[in-house]
Amino acid sequence: MAIVNPSGYELEKRFDKALTYLEDRISDLPNDVLISILSRLPLVGVAETGILSHRWRYLWRFTSNLDFDKMSTLCDIRFGLSSNSIEFERKKFVNWVNQVLELHQASTIDAFRVCFDLDGFDVSGWLDFALRKRVKMLELNFTHCGQWYYSGNRYALRTNVLTKHRLDSLTCLCLKFVEVTGKVVEEILLKCPNLEALSVVESESLKNLKVPGPLLKLKRLEIRCCRQMTHIEISAINLVSLIYCGPWPSICFSNVPRLVEVSLMSGAAYFLVNNAFCYSAYLAVLQKLVLHLESVGYFRFPRFPVLGNLKHLELMLDAWQVNTLFGSASLLLEAPLLHTFVLKLWRNEKVAGTWPKRRKPRYKHQSFKVLEFCGFSGCDVDIALAVFIAGHAVLLEKMIIDPRNPELLEDCWGWDGWGWNYPEDYRRWQHPEDYRKDIEAARCHARQLEDKLPPQVQLVIL
């Protein structure tokens, strides 16, 4: 059968017919549905949707999600990827926020985030706007663009800003690089009966913190890098998760029956490890425990109380001493119901020592099923450690090997008080060839585990 090519006229007719089926059905949706869609888009591009049609022109002004996040710009400046100065970008950022707030018309908002280095700029007007709009999730992140300890200007949150508004709509509050006293935090907690999550990071003014009961809704509390902290008193009947990074203060738990997830970093983690039996009653009910011990150097894990309900254990360690790594594996003995063990190794030099060739597991774990090994370099000690831990587990199903530096995989951008956290992409940009070679070499060495693990264990190399 012959194939006849259609003429230009016929092609045009077919094209016109096809267009009849390409109607703009999205614009036929109700306004509240369109606004809900826009609220899920990045704020930078939401205003540009006005070019789609006349109906869309002003809809972005009713978006319920105001996310002013320019941390990527800070990273570009920090690593020399931008020719603009921080002063220029700061002025540009302030103008952007002011313009959006001036045009915004919705009566309420779900989320309000401001993330940039503002060098102490007074954001009280922005706060008034957010609280007047009955915001639910509020985040102020004024991470600075410097390289080490920051001594510049910081915005200080005062009680007079809070007393102007009802705060019963607020469910999540995150303050980073905001100066806030314990008195202000306590007033926030008392005025926010529906607050479920509170995070304070890098505040030099926070020295004493009282979390007064009963606080029926508070479930997650995070305090990080508040170096002047001396005393914490917590009474929150529904508190589920506690994250603390910094020196170990005097902590009083008076009513936390549902606390099942604890993450400790730096000095606090080291203190708990060495005084675990003093907190055995709290440790016994934990289901998730995260300990970041990478900044304390070499130590031996002491004997630990039984972690009878623990199902998830995560350890970040310096990888420079074999005995420390062996101690991390022995900790599994105290968690009979453990399901997942995440081991993250921080490296700034080669691992010292060699793995004892005849060291064998002293017991078999009956529930441990998943091992995640992050920071795997492929050295002999890493191979031996992975095999040794796998030897503990009768029911091990999966081993995940990740050769990337765990400190580069944090979910936050910018300075966290102890160092800059930045996306993995910036490491690739700084030393692309070295980075690629190191990662590929580690992955190649990880394949040696295929012949060393039990046949039922699935090996996943990222």
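*Asks:* Whenever I open this one, the pairing of strand E3 (residues 137-141) confuses me. Can you help?
*Replies:* Burial within E3 is extensive, with four of its five residues counted as buried. Judged from the five bridges that link them, strand E2 (residues 111-115) and E3 form a sheet pairing that is parallel. The residue bridging Val 114 from the neighbouring strand is Leu 140, located in E3. Remark: the E2/helix H6 (residues 124-132)/E3 crossover connection has right-handed handedness. Bridge analysis of E3 against strand E4 (residues 172-176) gives five bridges, and the strand direction is parallel. Across the sheet, Leu 140 pairs through a bridge with Leu 175, a residue of E4.

*Asks:* Mind showing me how you'd approach the side chain of Glu 314 here?
*Replies:* You can see Glu 314 is positioned in strand E13 (residues 312-318). Taking the relative accessible area as the measure of exposure, Glu 314 reaches 12% and is therefore buried. A polar side-chain atom of Glu 314 sits 3.4 Å from a polar atom in the side chain of His 292. In contact with Glu 314, other than residues within four places in its own chain, are Leu 289, Val 290, Leu 291, His 292, Val 342 and Lys 344.

*Asks:* Whenever I open this one, the confidence of the model for the protein confuses me. Can you help?
*Replies:* Do not read the fine detail of predicted coordinates wherever pLDDT is low. Across the protein, the average pLDDT comes to 79, with 74% of residues at 70 or higher. Ignoring residues within four places in sequence, the model shows residues 411-429, a span with pLDDT below 50, making 65 contacts including any to other chains.

*Asks:* What am I meant to see in unusual backbone geometry here?
*Replies:* Working note: non-glycine residues mostly have negative phi, and peptide bonds are mostly trans. With a phi close to 60°, Arg 134 is a non-glycine residue in the positive phi region. In this fold, Arg 134 is placed in the loop between H6 and E3. Phi is positive for Glu 202, which is not a glycine, with a value near 60°. Mapped onto the elements of the fold, Glu 202 is located in the loop between strand E5 (197-201) and strand E6 (208-211).

*Asks:* Which parts of the structure should I look at to understand the pattern of salt bridges?
*Replies:* Within the structure shown, the criterion is met by 17 salt bridges. For Arg 227, the salt bridge goes to Glu 204, with nearest N and O atoms at 3.3 Å. Within this pair, whereas Arg 227 is found in the loop between strand E7 (220-224) and strand E8 (231-235), its partner Glu 204 is found in the loop between E5 and E6, the two being separated by 23 residues in sequence. Beyond isolated ion pairs, a larger network of salt bridges with shared partners links Arg 154, Glu 179, Glu 202, Glu 204 and Arg 227.

*Asks:* What am I meant to see in the sheet that holds strand E10 (residues 250-255) here?
*Replies:* The pairing of strands in a sheet happens through backbone hydrogen bonds and is either parallel or antiparallel. Here three strands make up an open sheet; going across it, the order is E6-E8-E10 and the pairing parallel. Sheet topology places E6 and E10 at the edges, where each strand pairs with a single neighbour. Taking the axes of each pair of neighbouring strands and ignoring which way they run, one obtains an average angle of 5° across the sheet.

*Asks:* So what exactly am I meant to see when it comes to the pairing of strand E1 (residues 65-69) here?
*Replies:* As a general feature of sheets, a regular strand has side chains that alternate between the two faces. Residues Leu 66 and Phe 68 line the buried face of E1, whereas the alternating positions Asn 65, Asp 67 and Asp 69 sit on a face that is not buried. Two strands pair when backbone bridges link them, and E1 and E2 are joined in this way by five bridges, in the parallel orientation. Paired with Asp 69 across the strands is Cys 115, a residue of E2.

*Asks:* I keep staring at the packing of aromatic side chains and nothing clicks. Help me out?
*Replies:* A ring pair, where both rings are aromatic, is described by two values, the distance of the centres and the angle of the planes. Under the defined criterion, the tally for this structure stands at ten aromatic pairs. Taking the centre distance of 5.7 Å and the plane angle of 75° together, the rings of Phe 93 and Trp 96 count as edge-to-face. Remark: Trp 96 and Phe 93 occur in helix H5 (residues 86-103); sequence separation between them is three residues, near one turn of the helix. Phe 93 sits in the buried class, given a relative accessible area of 3%. A residue is classified by how much of its surface remains accessible, and Trp 96, at 18% relative accessible area, is buried. Ring centres 4.8 Å apart and planes at 10° place the aromatic pair Phe 93 and Phe 116 in the stacked group. Of this pair, Phe 93 sits in helix H5 while Phe 116 is found in the loop between E2 and H6, placing the two residues 23 residues apart along the sequence. What links up through ring pairs into an aromatic cluster is the set Phe 68, Phe 93, Trp 96, Phe 112, Phe 116 and Phe 129.

Definitions and cut-offs
Residue numbering note: each chain is counted from 1, following its sequence as written. Given that this is a predicted model, residues contribute local features only at a pLDDT of at least 70 and side-chain atom pairs are listed and counted only at 80 or more, while totals for whole chains, interfaces and linings are drawn from all residues. The side-chain figures draw on all heavy atoms in the structure; neither hydrogens nor water molecules are used. Per-residue accessibility, obtained with a 1.4 Å probe over protein chains only, is compared with the maximum for each type, and a residue is labelled buried under 20%, exposed over 50%, and partly exposed between these values. Numbering of helices and strands starts at the N terminus; helices are DSSP runs of H or I of at least 4 residues and strands are runs of E of at least 2. In short, DSSP must find at least two bridges between two strands for them to pair. Clockwise travel from the first strand over the helix to the second, with the strands pointing away from the viewer, marks a crossover as right-handed. Two N or O atoms count as a polar contact when they lie within 3.5 Å, although within protein this holds only if one can serve as hydrogen donor and the other as acceptor, and sequence-adjacent residues are included solely when both atoms are side-chain atoms. Residues are treated as being in contact if the distance between any of their heavy atoms lies within 4.5 Å. For every residue, the predictor assigns a confidence score, pLDDT, that lies between 0 and 100. Salt bridge, as applied in this entry: a Lys or Arg side-chain nitrogen positioned within 4 Å of an Asp or Glu carboxyl oxygen. For helices, the fitted line uses only the C-alpha atoms of the stretch in contact; every axis is such a line through C-alpha atoms, and the angle between N-to-C directions lies from 0 to 180 degrees. Centres within 6.5 Å are what make two rings of Phe, Tyr or Trp a pair, Trp counting through its six-membered ring; a difference in plane orientation under 30 degrees is then read as stacked, over 60 as edge-to-face, and the rest as tilted.

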